[in-house]
Every structure is written in structure tokens, then in C-alpha cells.
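# Structural overview for review
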Amino acid sequence: MKKIQIIKFSAYILVCIMALMSMQLQQDLSAKDIVKEADENMRGKTSLADITIIIIRPSWSREMNMKAWSKGDDYSMIMVTSPAKEKGTVFLKRVKEVWNWIPSIERNIKLPPSMMSQSWMGTDFTNDDLVKEASSVSDYDHKLLGKETVLNKDCYKIEMIPKPSAAIVWEKVIVWIDSKDFLQLKAEFYDEDGELVNIMNSSEVKEIGGRKITSKIEMFPVDKEGNSTVIIYNDIIFDQPINDNFFSTRNMKQIK
Amino acid sequence: MLLKLAWLNIWRNKRRTIITATSVFFAVLLAIIFRSLTEGVYDNMIHNVVSYSSGYLQVHQKGYWDEQSIDNTFKEDEQLYQELLKNPNVTHIMPRLQTFALASYGEKTRGVLVLGIDPVKEKAVNNLHEKITDGQYIETVNDNAVVLGEGLASQLKLKVNDTLVLLGQGYHASSAAAKFRVKGLMKLGAIELNNSVVYMPLQQSQYMHGAEGRLTSVSVMLDKTTDLEKLKQSIQESIDPEKYEVMTWKEMMPEMDQFIEADSTGHYIIIGVLYFVISFGLFGTLLMMIFERKHELGILIAIGMKKHLLAIILLLESAMISLIGCFTGVIAGFLVIKWFSAYPIHFTGELKEVYENYGIESIIYFSSHEKIFIVQTLIVLLLSILLAFYPGYKVMKLKPVEAINS
């Protein structure tokens, strides 16, 4: 009888401790969860997107159309469909490798890590932004800074600091994530001196391919006035199964 | 009267006059040849370097020089060509599209300078076709082939008729990637160019960069003797200053200008020593003359000749001798330079190789700039007249009695 009481008591204490611990854990995870949720909202298990990229410069602008496939964190592929001169150019990300197929010279170039922070096809995005080699979930430590309103929407303001082991050029990234739809609406990128370098705005929330996503993403480099790059999602198909083999250097040369 | 007296006086002792005049003659001749030689070497060096690189003057889109990107190109403009060629000092114009790219063959990749050129116009200026060591030169603007420096070819381990892959940044953020057949290899003097240059017909280059009908610059070649700054002014005025910018090679390659300036300083010191030697020679003959004629001068003063008139006669005498020397010196210098301009000295052997390694023709040119003749002659003339004051001074101090008795 006494024994049972002791067991009961200790079980009770255990439950209490576990409850406390899980509460503690939840507090810690929440910022990370928000980022993860937002990331998954935009990505899905797989996606096939039709996008338009517009490069805006003070004296000119240029429009490109592309098709993009992605599967989880590890695989993505982008093919240029217009302008005609660059049609068929393909970028492939496979786990940690990035390849670039250029049909006019019949060369498949593996981008070295040193090129990851360089401009991608003349846009204000870097090669790294494009292939998302760094994961916004696992390569950063997240901290919830509070709530702010962006575009009339309540947002979580989250500070993301890269883990020392991650190959990320930013000192920190601050993101604003809509607290209702869990969509990232704004991000600020700071360099190692703590200077604001880029601002990324996402807007025009639309339901495409059965999901609510931000269909327009704009990148503004802070030090270059009048420069920006706009990505518009014209169409996305989510969660259509794609074989891993699709994301191969051989397939890059064949896809249409 | 005085002039006539002086004239007769100098021919009284023909030998002395001829010796003095000869020393002036050689002074003038040497100074002229020396200056002409150094100026000629510089002119030739500049001509050689600029004909491959920037041209004497370059017209480009305003702002290009500060940010040499393909986005700062301008549209080919026939009117601009006409305007430039209207100037009589302009001998050639070379439209170019100059970019940087990665060149790859097999496993090797190098950063290269891609020069889109008009092969015909370029050939006329710097004889590019003569530099070909293997294969052939590109003949027309739309020939689909490239010619590259020997050094670059050996780095890429590539031969004539291989396919070179070029990858670079195109106009307005487009990508520039293309394959070309290597039509020829050339040996260029400047090592840097030899190791990094790819010449391509202009239209091919424009197509590859998605910059149809656009140029980074128009290089302007001039007569060697043209006044650069003045011409720059006049060209600048004749074209749209809001759109175009004109730069001289001195602005584009300040290091070469500074090198020449530093090198010239050495030459100025040498020529200074030359003047020094010349004036002492002259002074010597004048001293001899006054010594020889002391007796005669003493008598002239004794019978009532005014001292200052006598001094003026002596001054006139030496001025006349100097003038004769200068005049003949200029004529001789002119002939010598004419001869060497027509038949320049070609180096041979080791010296030739040294020059060619620097990308400079192994030829000594003489500059026949009229400035040299005038300046050098004036300097020698001035020196001899300054020296002629000494006999005059001597005469003023002459004591007739002592002079007669000496």
C-alpha cells in the first residue's frame, strides 16, 4: 500500500516535471517553429513554379521568365524560358552542390562556394538566395523579438543569427512573419559590421496551387538607390511527386 | 656702318671665324639630333602602345571611364565617325567593344580581355595581321572566329582551329556565353596583352554580349606630331558633351606619361651638360680672339674710336658668327633628320629582342617636330650672344697704352 503511494507520488512529480519541461521547450521552440512553418508554407513537399523575374535599374529594366522545380531542402532546379538568347540555361541544386548548364557553350559548370555570395544572373539575389543552400530553419538560431505590424498585418518579428558552422555571410537576419497565415512579409539582412544591406519585401498574398503564398517578392539593396529585383510567382503546383532522379546533371540538359 | 665693319672684321681672319662658327654649328647639330632622337623614341613608343590599347584619344560614353561596365556603352553612331574623321589630324578611328570574360578550353580557364574590333580598321593602324604566328587573321566584321595572344593560348593549351568557350557578363545583366573557332594566334609585344587578349570581330562580340550595335569606345589615332590637348578640345566641342567624353592617353595611362616625364628629366640633365661644354668651347675661341686683337683694339681706341661702339662691333661680330653656325647647323640637322626619317635605324641582335619584348618596334625614329629646331637653335644662339658680352666688357676696360705695348 505504501509502496503504491510512493509510486503514485513519484509519477505525479514526474508528470509535473515533464509538463514544466515541455512548457520550457515550447517557449524555446516557438520562434524556430514560426520560421519553419513559414518556410514550409512557401515550399511544400515539392513545387513546380512558373516565375517572372524583373531586374530594375535606374536607367533600364529587364524581364526574364523561368520554370522552377523543388523538392524539400535538398533539391531544386531553375530553367530560363525567356529571353530567347538565354533560353535553356539551367541551375541545379543537389544537396550541397550547385550546377549551371549553359546550352550555348554546352558546358555544365559547378559553382564553387566562393561564388555563392555573388549576384545571380545580374539580379540583386545571390546564388545562395536562389538555391537556398542555407536552410532558414536549421542553420540559424532564432529569437522572437516581439510583434509588429507590416502591411496592416500582425507579424512576429524574429531575429535569426547564423550558427557558427553555417556558411552564411550575414551577421543577422530579421524577419517579419504574418501571425495568421505564417507567411514571411519582410526580411532585413545585416552584414558583419551590423550594417543593413538588403531589404526583402513580400506582398500580394494570393491563393495559388491550393496554398496561400506571397506571390511577389522584391529585393532592395540598401546602398544602391533605384536598384531592385522583383520575383513574381505566376503559377505554382504543389506536392506533385517528383523523383529524386529528376534533379540530376544529366536531366538538366534535357528538360524543356 | 657698324654692321659692315663687323662683317668685314669677321672675314679678316677667316680661319678663326670658321673655327668659331663650326663649334656653334656642331653645338646646334648635336642638340637638335639629341632632342629629335629622344622625342622620336618617345613618340614611337607612345604610338606603339596606344595603337594596341587606348588610342591617342578615346571617345566613350560619359561615365564609362569611372565604371567600365558594358552597361555604359553607346550606340554606334555614323555621325560621330564623320565628325571625328573631319578633323585633318585624325588618321584613323577604331570602334571597339571591350569587355572581360572567362575563357575556357578543356580543363583550363583564364580571365581574358575580349576586344571586339573592326578587323580591317585595326589592321590599318597596328598591323595586327602581321603579328599572326599561326593560322590566319580575322578578315571581316562578321567572321565567326577569334584570334588570341600566343601566351594565352599556351596557358589554355590550345591550338589553331580549337574551340574556345567564352563566358562573361552581357549587356543589361544578360549572360554572355559563346563558342568560337580559334582562327589564329598572334605574338603581341606587350606581355600582359599577349597573355590575356582575345580579338573578336565587332559584330560577333556585340551579339555575344547582347549589345547589338553598341560600343564601349572609339579610339582615335592621330599624326604623331599633333598637339593632343588642343585636338581634344576641338573634338570635345564638335560632339555632344552631354553624351560623350573624350580622354587623352595621358589621362587613361598616367603611368606611361609619368615614366616618360621621369625619363626625360635624365635627358634634360645630359643636354644641360652638352650646353655647358658647348659654351666653354665658344668662350675659349672668344677669349683667344680678344687676346689676338688686343694690340689692334688698343690702337683703335688710341686714335679716337669710342669704346662702346667698339664693344658693339665685337658683339655684332660674335652674333654674326653664331648666326652663321646656327643657320648651317639647322640645315645640316634638318638633312640628317630627313635622312633618318626616311631610312630609320633598325636595331639588330640582342637590343632588337629587348625592344620587341616590350612591344616596341626595334626602330629608332627621329622626330621632325619644328619645335625642336626652333628651341634648340634659340638656346644655342642665346648662349653665344650672352658669351659675346665678355669681349665687349673686356674692351670697355681696355687701357690703350698697355694694349698697344703688349
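Residues numbered from 1 in each chain as written. Chains lettered and ligands numbered in written order. Predicted model: local features only at pLDDT ≥ 70, side-chain atom pairs only at ≥ 80, totals over all residues.

## Concerning the overall build of chain A
For chain A, the count of helices and strands is three helices and 13 strands. In terms of overall dimensions, chain A has a C-alpha envelope of 85 × 40 × 35 Å along the principal axes. Taking all 256 residues of chain A together, the buried fraction comes to 28%. Relative to all contacts within chain A whose residues are 6 or more apart in sequence, the contacts with residues 24 or more apart total 45%. (Helix = DSSP H or I, 4+ residues; strand = E, 2+ residues; numbered from the N terminus. Buried ≥ 20, exposed ≤ 12 C-beta atoms within 10 Å, placed from the backbone. Contact = placed C-beta atoms within 7 Å.)

## Comments concerning the interface of chain A and chain B
Listed per partner, the contact involves twelve residues of chain A and ten residues of chain B. The class makeup of the residues in the side of chain A that touches chain B is five nonpolar, three polar and four charged. (Nonpolar A, V, L, I, M, F, W, Y, C, P; charged D, E, K, R; others polar.)

## Describing the environment of B:Gln233
Residues and elements named next belong to chain B. Residue placement: Gln-233 occurs in helix α8 (residues 228–238). By the C-beta count within 10 Å, which is 12 here, Gln-233 ends up exposed. Between the C-alpha atom of Gln-233 and that of Val-246, which follows or precedes it by 13 residues, the distance is 8.7 Å.

## Things to note about the environment of A:Ala187
Residues and elements named next belong to chain A. Of note, Ala-187 is situated in strand β10 (residues 184–190). Taking the C-alpha atoms as reference, Ala-187 lies 8.9 Å from Ile-177; in sequence the two are ten residues apart. Residues within four places of Ala-187 in sequence aside, it is in contact with Val-173, Ile-174, Val-175 and Met-200.

## Considerations on unusual backbone geometry
For the peptide bond that leads from A:Ser82 to A:Pro83, omega is 5 degrees, which places it in the cis range. You can see A:Pro83 is positioned in the loop between β3 (75–82) and β4 (90–94). Even without being a glycine, A:Glu204 presents a positive backbone phi close to 50 degrees. For A:Glu204, the position within the fold is in strand β11 (residues 196–208). At B:His172, a residue that is not glycine, the phi angle is positive and equals roughly 50 degrees. Checked against the element boundaries, B:His172 lands in the loop between β7 (163–169) and β8 (175–186).

## Topic: the domain arrangement of chain B
In terms of domains, chain B is made up of domain 1 (2–49 + 257–405) and domain 2 (55–249). In this structure, domain 1 of chain B and domain 2 of chain B have C-alpha centres spaced 48 Å apart. (Domains from an automatic or database assignment.)

## What to know about the environment of B:Ser174
Tracing the sequence through the fold places B:Ser174 in the loop between β7 and β8. Residues B:Ser174 and B:Phe74, spaced 100 residues apart in sequence, show a C-alpha to C-alpha distance of 17 Å. Ignoring any residue separated from it by four or fewer positions in sequence, one finds B:Ser174 in contact with A:Lys85, A:Glu86 and B:Gly210.

## Some thoughts on the packing of helix α2 (residues 14–52) of chain B against helix α12 (residues 307–342) of chain B
Residues and elements named next belong to chain B. Relative to each other, α2 and α12 sit at 40 degrees, their axes nearing to 7 Å. One element, α2, and the other, α12, form an angle in the oblique class. Viewed along their axes, α2 and α12 form a crossing whose handedness is right-handed. Every residue of α12 that contacts α2 at Thr-17, Thr-20, Ala-21, Thr-22, Val-24, Phe-25, Val-28, Leu-29, Ile-32, Ile-33 and Ser-36 is listed here: Ile-321, Ser-322, Ile-324, Gly-325, Cys-326, Thr-328, Gly-329, Val-330, Ala-332, Gly-333, Val-336 and Ile-337. By residue class, the composition of the contact of α2 with α12 is 14 nonpolar, nine polar and no charged. (Axes fitted to C-alpha atoms, helices over the stretch in contact; angles between N-to-C directions. Parallel < 35°, antiparallel > 145°, perpendicular 65-115°, else oblique. Left-handed = near helix turned anticlockwise from the far one by under 90°.)

## Remarks on helix α10 (residues 254–292) of chain B
A rise of 1.5 Å per residue sets the reference length of α10(B), with its 39 residues, at 57 Å; its end C-alpha atoms lie 57 Å apart and thus fit the reference within 8%. Where α10(B) is buried, its residues touch α2, α12 and α14 (370–397) of chain B. (Expected span 1.5 Å × (residues − 1).)

## What to know about the pairing of β11(A)
All names here are of chain A. By the bridge criterion, five bridges tie β10 to β11 in an arrangement that is antiparallel. In the strand pairing of β11, Glu-188 is matched with Ile-199. Between β10 and β11, which pair antiparallel and follow one another directly, the connecting turn spans five residues, one of which, Gly-194, has a positive phi of 80 degrees. Note: β11 against strand β12 (residues 211–221), ten bridges, orientation antiparallel. Residue Val-205 lies in a different strand from β12, and its bridge partner there is Thr-214. (Pairing = 2+ DSSP bridges.)

## Describing the nonpolar core
Ranked by internal contacts, the top residues of the largest apolar core, which has 56 residues, are B:Val146, B:Leu148, B:Leu166, B:Val198 and B:Tyr199. At seven residues, β8(B) tops the list of elements feeding residues into this core. Those residues within four positions of B:Val198 in sequence are excluded, and the remaining contacts are B:Ala103, B:Val112, B:Leu113, B:Val114, B:Leu115, B:Val146 and B:Leu148. Within the second largest apolar cluster, 48 residues are counted, among which are A:Ile34, A:Ile53, A:Met160 and A:Val175. (Core = buried A, V, L, I, M, F, W, Y, C linked by C-beta atoms within 7 Å.)

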